[in-house]
Amino acid sequence: MLMLHDPMGLPPLLTRQELIDRIFRATKLVQRMQNAGWIKPLPDLGSRESYFARDDAYKALDRILQGERPPRLPSEPKLQGPEMDL
C-alpha cells in the first residue's frame, strides 16, 4: 500500500527507536514483532542503524489493534495462568 499522505506524519523509513518512541511505546513489543516476522529491517542502507518501512509498521499496528499479539520471545519465561502480559 502506497501512502501519499501519512496521517501520523511519519517518514517512509523509521529506526527501531522511532518505532518505539512514535508508534508502539514498548521495546519488548517491537522485539517480539521483529522476532515474529511482523516487521523486518530493510537491507543495509549504509548506516549503523537498522531501518524499517513505515508501511510494515502500520500493518503490525493494525494486527495489534485487531487484538492479535506477537508470541513471546524464546528467552522469556513461560507464563503461569492467563496471558495478560502486554
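Every chain is numbered independently, its residues counted from 1 as its sequence is written. Given that this is a predicted model, residues contribute local features only at a pLDDT of at least 70 and side-chain atom pairs are listed and counted only at 80 or more, while totals for whole chains, interfaces and linings are drawn from all residues. Derived side-chain values reflect all non-hydrogen atoms in the structure, with water molecules and hydrogen atoms excluded from consideration.

1. Brief notes about the nonpolar core
Note that soluble globular proteins tend to have their nonpolar side chains buried in a common cluster.
Argument step 1. Counting residues in hydrophobic clusters, the biggest one holds 17 residues, and the most contacted among them are Leu-19, Ile-23, Phe-24, Val-30, Met-33 and Ile-39.
Argument step 2. At the level of secondary structure, the elements contributing two or more residues to this core comprise α1 (16-24), α2 (27-36) and α3 (54-65).
Argument step 3. Strands here are runs of E lasting at least two residues and helices are runs of H or I lasting at least four, both read from the DSSP assignment and numbered beginning at the N terminus. No other element matches α3, which puts five residues into this core.
Argument step 4. Should any heavy atoms of two residues lie within 4.5 Å, those residues are counted as being in contact. Residues contacting Ile-23, with those up to four places away along its chain left out, are Met-8, Leu-10, Leu-14, Glu-18, Ala-57 and Leu-61. Within this scheme, the nonpolar core is defined by two criteria: the residues are buried Ala, Val, Leu, Ile, Met, Phe, Trp, Tyr or Cys, and they are joined through side-chain atoms within 4.5 Å. Each residue gets one of three labels from its accessible area relative to the maximum for its type: buried under 20%, exposed over 50%, partly exposed in between, using a 1.4 Å probe on protein chains only.

2. A short note on the pattern of salt bridges
Argument step 1. Definition used for salt bridges: Asp or Glu carboxyl oxygen within 4 Å of a side-chain nitrogen of Lys or Arg. Applying the stated criterion across every chain yields a total of three salt bridges.
Argument step 2. A salt bridge links Arg-63 to Glu-68; the shortest N-O distance between them is 2.6 Å.
Argument step 3. For Arg-63, a relative accessible area of 31% translates into the label partly exposed.
Argument step 4. The salt bridge involving Arg-72 is made with Glu-76; its shortest N-O contact spans 3.8 Å.
Argument step 5. The class for Arg-72 is partly exposed, based on a relative accessible area of 21%.
Argument step 6. Residue Glu-76 is classed as buried on the basis of its relative accessible area of 13%.
Argument step 7. The structure contains a network of salt bridges with shared partners spanning Arg-32, Arg-72 and Glu-76.

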